[in-house]
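# Report on the structure
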Amino acid sequence: MDYNEKFEMALEKVQKAPRYTGGEMNTTVKAWDEARLHFGFCFPDTYEVGMSHLGMKILYGLINRESWSLCERFFMPWTDMMDIMKAEGIPLLSMESRRPLRDFDVIGFTLQYEMSYSNILAMIEMGGVPIDSCERGENDPIVVAGGPCAFNPEPLADFIDAFMIGDGEDVMTELNRVILSRRENGWTRGKCLRELAKLEGVYVPSLYDVTYEADGRVRSVTPNCPEASPTVRKRVVVDLNTTYYPEEIPVPYTEVVFDRIMLEIMRGCTRGCRFCQAGMLYRPVRERSLEKLTDLAEKLQEATGYEEISLSSLSSGDYTCLPELIRTLMKNMKDKRVSISLPSLRIDSVLKESLEETQQVRKTSLTFAPEAGTQRMRDVINKGVTEEDLLEKVRDAFHGGWNSVKLYFMDGLPTETEADLDGIADLARKVVSEYFAVPKDRRARGLRVTVSVSIFVPKPFTPFQWAPQDTIETVFAKTGHLKKVLNIKGVTFNWHEPYLSFMEACFARGDRRMGKVLRRAYEKGCILDGWSETFRFDTWMEAFKECDLDPAFYANRERALDEVLPWDHIDSGISKSFLLREWEKSRRAETTKDCRKGCNGCGLQKWKGVCGYANAGGT
Amino acid sequence: MRILAVFEKGERIRHIGHLDIQRSVQRGLRRSGLPVAYSQGFNPHILITFAQALSTGACGKREIMDVTMAEEVSAEEFVARMNRAMPPEMQVREARAVDAKHPSLMGMVRAADYDLTIRDAEIGARLAEAIPAMMAKETIPALRKTKTKLTEVDIKPLILSIRGEANHVFATLVLTERESCKPQMLLEALKQAAGIEGEVRMLVTRERLLGEDASGVLAPLETL
Ligand code: SF4
């Protein structure tokens, strides 16, 4: 029986078979032999998560648009399917033409979340490709990866041949052309990797040697061949209006996490929250024009039939012509019965009228992310929201008929004290009072305030990259305190177990040696770590022990300011001196202004013509 | 006016459940740009009904949707536009325009034609051969599974016609709200008659839905 037949049998036995069967509207199935380059796009999580991801849809369309390349999708199977595949010898197969991963010229992973790393190893291995980069031969595919986690590529350096740093739209095609040359010119694998290293924004870890201090800190990361440059500079797409954006996207049959059109209205963020890695990595801010967006919305709606459009960006409320954009979209979409999900922070008076008129906006729960409970703490993290701002918006929402509010916070932030935790409860209580201040006959019934507190994870390329994470014991103690103070009528408290955040912290700032821990944990059975039912913390701890490494060294240690950080050879455009300045200001609870009010000299201003706000004053 | 359209649920997507198929048809209608009618009210939805849910895991050759249109549309145009808007596994085979007063098809289903393809050719042949022996019995007991219980039913009167051919069993089975014989129930009865134990893999294809015409004769639902 061939593997296709066996796969069909497996489909009859597993839960949620449709996540493996493909054939969705707007997917592309090209004739295999007509393409000269075959790209296997791997999302290292389940179908439902992967199909909700915008970046994948962009690159899928972009690669398939070229006549010479084809792109097919791969997702991480759930454990039931994986068990059958392993037992029956079924390789990891693509959604489109059910080809094994090993048949592709390039295998590309998107790195959205550290806790998907074990899935990467599982997918490579199930795909019939050697897990270790150094074990791959002349007939094996080139394994590449990109996405936000690629900015600290070191924990995956043993497994990924080349990383793409920064925006993928331009570098993707350049990389594919080089790999095509490997095939067509008969280059050796080594030659191909050295050629890849010449591309701006491409990091080939095997071309760099890492040395360590006796205590385990990194001493140096240096290139071992002339093609590799000492620092790898991230790619930036300067003009979002001219860069590729898909006009049709796959429409899953089954419901996925974000089952709607996602319209990326801008990239980057000017606010400069100090904990936020995306806010630093995706600088500078770049907006798509109103015309481009209304045109895209129209085309995407026609191509998908979706009932909902959501505006996607790090901070949609900051989009320059937001009211106009929303009004135009609502007008164009009214007859098509398409609703627009709004960025919750901008239910302002300009919009209120048209909202009430059209009822096109779903009264789903409103979300706010004050992130911290006291003004002092919000100043430390440079979250430019005041309590007044927040309460005013909540008030508007309650008057506008909303009854459900979600508040997001973090605990374990640098300099946090008990007063900051109590502040979370105070804020929740004030939100409750705002609701009861609306006359009974004018408010929606059934108040629901949800307070979610996640655990702070220090990330590279943020001002908090030197900060320790709270130990697991401390987090438990703080959670216990929060449970007590958040015992408020009408308020639900959601908290997180610290184990996953602890592991996330280890990988986020890990060095190359973390690759050994990853490999060991994978061998011991760790996969699908992002899912609580499959996450096995104890096994991870055993893996650390067996590799003779201490997780606290990565998670809970405050870095010295002059220490070589494992990702120092990656150039995000943000200068270390800026991050240091921000780190020091945070210790004094001093804020930094929004870049729209003037440049703060983050380093990007040195890249001419990249940041539109760079010459607006400031340093 | 309404359009009665015959569409396919292809083999590749046979594991998609009924609700997801319904949603996919609705999105297809929205993509097609056809002037479909929407319900009034806060959450408007397309006015559409489907005759008899097809179970997860089964393909359908001629499934039926009944769509209310806001404006006149010809059957040809409906088919052409839908087929541009639907994935290859869910193409529309034909359509018929009827007026608003045409009876609803939902309640008219009486039976369906099935093709049970047994994956293992040899076992399939043995099952096909066992058909006469099974049908010769006075009663054919089978177990009906519902969410809460197992009940025994005699499926003999529910098998309206049956024949075997190589590894296929073609059968017309009663399918109403009140009583029905599921393909799986028939398979179990055949296995018993053929003396076969263990799991037998089969592909179920519902070939067409049948209703009764004015004289009480079974006819394809979409022609009624
Ligand atoms: S260059 Fe200046 S304006 Fe641009 S992101 Fe950096 S600090 Fe902000």
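In this text the structure is predicted, and so the values were computed from the model without any measurement.

### A word on helix α2 (residues 75-85) of chain B
Residues and elements named next belong to chain B. All of the buried residues in α2 are A75, F78, V79, M82 and A85. Projected down its long axis, α2 carries its buried residues within an arc of 135°, all on one side. Turned more than 90 degrees off the buried face of α2, the exposed positions are E76 and R84.

### Focus: the domain arrangement of chain B
All names here are of chain B. Here the domain parsing of chain B yields domain 1 (2-105) and domain 2 (109-223). With centres defined by C-alpha atoms, the gap from domain 1 to domain 2 works out at 27 Å. On the side of domain 2, 14 residues touch domain 1, which itself brings 18 residues to the contact. At the boundary of domain 1 with domain 2, total buried surface from both sides reaches about 1400 Å², with 51% on carbon and sulfur atoms. Residues E11 and R119 are paired through a salt bridge, measuring 4.0 Å at the closest nitrogen-oxygen approach. Mapped onto the side of domain 1 that touches domain 2, the elements with two or more residues apiece are β1 (2-9), β3 (59-68) and β4 (92-98). Looking at the side of domain 1 that touches domain 2, the element that brings in the most residues is β3, giving 6 residues. Here the side of domain 1 that touches domain 2 is composed, by residue class, of 9 nonpolar, 2 polar and 7 charged.

### Thoughts on the environment of T79(A)
Residues and elements named next belong to chain A. With respect to the element layout, T79 can be found in helix α4 (residues 79-88). The sequence separation of T79 and Q15 amounts to 64 residues, and the corresponding C-alpha distance is 9.9 Å. Every residue in contact with T79, bar those within four places of it in the chain, is listed here: I527, L528 and T534. At 3.4 Å, the side chain of T79 forms a polar contact with the side chain of W78.

### Considering the interface of chain B and chain A
Listed as interface residues are 23 residues of chain B and, on the opposing side, 32 residues of chain A. In this assembly, chain B packs against chain A so that about 2400 Å² is buried in total across both faces, 48% of it on carbon and sulfur atoms. Counting the surface chain B buries against chain A, the share from its top three residues, R12(B), R27(B) and R30(B), is 30%. The tally of links from chain B across to chain A stands at 8 salt bridges. For R14(B), the salt bridge goes to E12(A), with nearest N and O atoms at 3.9 Å.

### Brief notes about the side chain of D115(B)
Residues and elements named next belong to chain B. Relative to the elements of secondary structure, D115 occurs in strand β5 (residues 109-118). Here the side chain of D115 touches H168 through a polar contact of 2.9 Å, side chain to side chain. Excluding residues within four positions of it along the chain, D115 makes contact with H168, V169, F170, L203, V204, T205 and E207.

What counts, and at which threshold
- Residues numbered from 1 in each chain as written.
- Chains lettered and ligands numbered in written order.
- Predicted model: local features only at pLDDT ≥ 70, side-chain atom pairs only at ≥ 80, totals over all residues.
- Heavy atoms only, no water.
- Buried < 20%, exposed > 50% of the residue type's maximum accessible area, 1.4 Å probe, protein only.
- Helix = DSSP H or I, 4+ residues; strand = E, 2+ residues; numbered from the N terminus.
- Arc of directions from axis to C-beta.
- Domains from an automatic or database assignment.
- Contact = heavy atoms within 4.5 Å.
- Buried area = accessible area lost by both parts, 1.4 Å probe.
- Salt bridge = Lys/Arg side-chain N within 4 Å of Asp/Glu carboxyl O.
- Nonpolar A, V, L, I, M, F, W, Y, C, P; charged D, E, K, R; others polar.
- Polar contact = N/O pair within 3.5 Å; in protein donor to acceptor, adjacent residues only side chain to side chain.

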